[in-house]
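Each chain, letter by letter, is given below.
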Number of protein chains: 2
Amino acid sequence: MARGRSSGYEDQRELILSHAAELFAQRGYSATSMNGVAEACGLSKPALYHYFRDKYDLLVNIAENHVVRLQALVCEVTNKSLEPEARLRELIRRFVVEYAQAQHAHRVLVEDIKFLTEEDQTRILNAERQVTHAFSSTVAQLWPHLGQAHLDKPTTMLLFGMINWMFTWFRPGGSLSYEDMAPIVADLFFGGVPSVRPPVTTNPPPSSDSTKADT
Amino acid sequence: MARGRSSGYEDQRELILSHAAELFAQRGYSATSMNGVAEACGLSKPALYHYFRDKYDLLVNIAENHVVRLQALVCEVTNKSLEPEARLRELIRRFVVEYAQAQHAHRVLVEDIKFLTEEDQTRILNAERQVTHAFSSTVAQLWPHLGQAHLDKPTTMLLFGMINWMFTWFRPGGSLSYEDMAPIVADLFFGGVPSVRPPVTTNPPPSSDSTKADT
DNA sequence: CCTACCGATCGGTAGG
DNA sequence: CCTACCGATCGGTAGG
């Protein structure tokens, strides 16, 4: 791999990105100083600038590396050619595990993507869309009534909401681990999707047959 | 008429908070300058400082006002003494509507709470806990098996995940409105919760003293 | 004395 | 790899 650079160069970069991701996640990209990053890495500021051109370079690498890992994870699961239900359950489990061990990068991707240029944002967002598509296509396959009502994507995003939000409140150490949460999310989703129906409120004209059709 | 302050003073404060919340949500608290806030409000910077002591004062007011509105919303729904299922469905609907019309403040509460002092963070977090408790107690009431397995709080947080995450991806204007999303979330949740089972992994010895001093 | 501001500039600190 | 700095911009406040 590392050709032309000392063998530890890439390792040092990874180490810096890890420390930077932690600081960005804790304090936000803007409020994090390069002095702080250098200090956390045990480097002088000029030394830090030897590995990354500028602060933005850190951000874009953290975000990019994270989505690339997610894409690789999707490919890995897809290649196992599991049944649709088993595939979706495995995707959920693997994402929970991946997010758990990449929490800082994940938070940076969620909260600091706004600091990327439009070009970089678009590239990252397209990668994310590929990932969510792997989920939503399986969802549409499992529950055709969702796809027909164009609810496969929204419902898939509700699933991502459960998973993504988990890392804002869940702290392992009690009676539950991250691994325990994956099947809970999966059971809730698989049990609930059959109950999801398209909205009855035909938006444009407020027709007077206001039976509400609730329940 | 004017009692101590001119009649427009409080109105001006609300207007400033609204503009500041939008900027904080778009660019983050740290990356937003007081010059930018003043400009967005059509005020000079000294004029802005006439209404708020400093930048932090803006942040704490945005967060506080938002959680207070959420608490008021919970009280309003609770006082209607609905059946548990109707109450939870109404809570979901009202929160989706509230978040939709307070998206900027909501995002600030989620992403910029880290810039508050520990004291202010604790106060806001306690208010949030009161809100989530209104949900989780209804959840435990509806599905006793969840409460017995200590899964009422985690499951409730998965529900909040669906709702909170919605505002990162959902844009109304297609065939779905925010109002349409509420029953979809509710149906998914009500349909799925009966399928949620406690994890079989028995990680540590689950000591029964884990009441968490809540409820 | 109050309020509601403005033009100009303060001391510090950011990224680089 | 360090000390020593820069152009700019930050949050906040002076006098009028």
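Residues numbered from 1 in each chain as written. Chains lettered and ligands numbered in written order. Predicted model: local features only at pLDDT ≥ 70, side-chain atom pairs only at ≥ 80, totals over all residues.

Engineer: Can you lay out the nonpolar core for me, pointing to particular residues and giving the numbers?
Structural biologist: If you look at the biggest cluster of nonpolar residues, it comprises 59 residues, and the most contacted ones within it are A:Val185 and B:Val185. For this core, the secondary-structure elements that each account for two or more residues are helix H5 (84–101), helix H7 (118–142), helix H9 (152–169) and helix H10 (178–192) of chain A together with helix H5 (84–101), helix H7 (118–142), helix H9 (152–169) and helix H10 (178–192) of chain B. For B:Val185, the contacting residues outside a window of four places in its chain are A:Leu158, B:Ile92, B:Met162 and B:Ile163. (Core = buried A, V, L, I, M, F, W, Y, C linked by C-beta atoms within 7 Å. Buried ≥ 20, exposed ≤ 12 C-beta atoms within 10 Å, placed from the backbone. Helix = DSSP H or I, 4+ residues; strand = E, 2+ residues; numbered from the N terminus. Contact = placed C-beta atoms within 7 Å.)

Engineer: Run through the protein's contact with DNA strand C, naming residues and quoting values.
Structural biologist: Surrounding DNA strand C, one finds 15 residues, the nearest of these being A:Ser33, A:Lys55, B:Ser44, B:Pro46 and B:Ala47. Counting only elements with at least two residues in the surface near DNA strand C, the list comes to helix H2 (34–41) of chain A together with helix H3 (45–51) of chain B. If one sorts the elements of the surface near DNA strand C by residue count, H3(B) sits on top with four residues. Among the residues forming the surface near DNA strand C, the class breakdown is five nonpolar, six polar and four charged. (Near = placed C-beta within 6 Å. Nonpolar A, V, L, I, M, F, W, Y, C, P; charged D, E, K, R; others polar.)

Engineer: Report on the relation of the copies chain A and chain B, specifying residues and quantitative values.
Structural biologist: Superposing chain A onto chain B takes a rotation of 180 degrees plus a shift of 0.0 Å along the axis, which leaves an RMSD of 0.1 Å. Accordingly, the operation relating the two chain copies is best matched by a two-fold axis. Distance from the rotation axis, computed per C-alpha, reaches its smallest value in chain A at A:Gly192: 1.8 Å. In this assembly the copies share their binding face: 98% of the residues contributing to the interface of chain A also contribute to that of chain B. (Least-squares fit on C-alpha atoms with pLDDT ≥ 70 in both.)

Engineer: I'd like a rundown of the protein's contact with DNA strand D, residues and numbers included.
Structural biologist: In the vicinity of DNA strand D lie 14 residues, with A:Ser44, A:Pro46, B:Ser33, B:Asp54 and B:Lys55 positioned nearest. Looking at the surface near DNA strand D, the elements that each hand over two or more residues are helix H3 (45–51) of chain A together with helix H2 (34–41), H3 and helix H4 (55–78) of chain B. Taken together, the residues of the surface near DNA strand D sort by class into six nonpolar, five polar and three charged.

Engineer: Run through the interface of chain A and chain B, naming residues and quoting values.
Structural biologist: Each side of the interface is counted separately: chain A has 40 residues, and chain B has 42 residues. Listing elements by their share of the side of chain A that touches chain B, those giving two or more residues are H9 and H10 of chain A. With 11 residues, the top contributor of residues to the side of chain A that touches chain B is H9(A). Split by residue class, the side of chain A that touches chain B holds 20 nonpolar, 14 polar and six charged.

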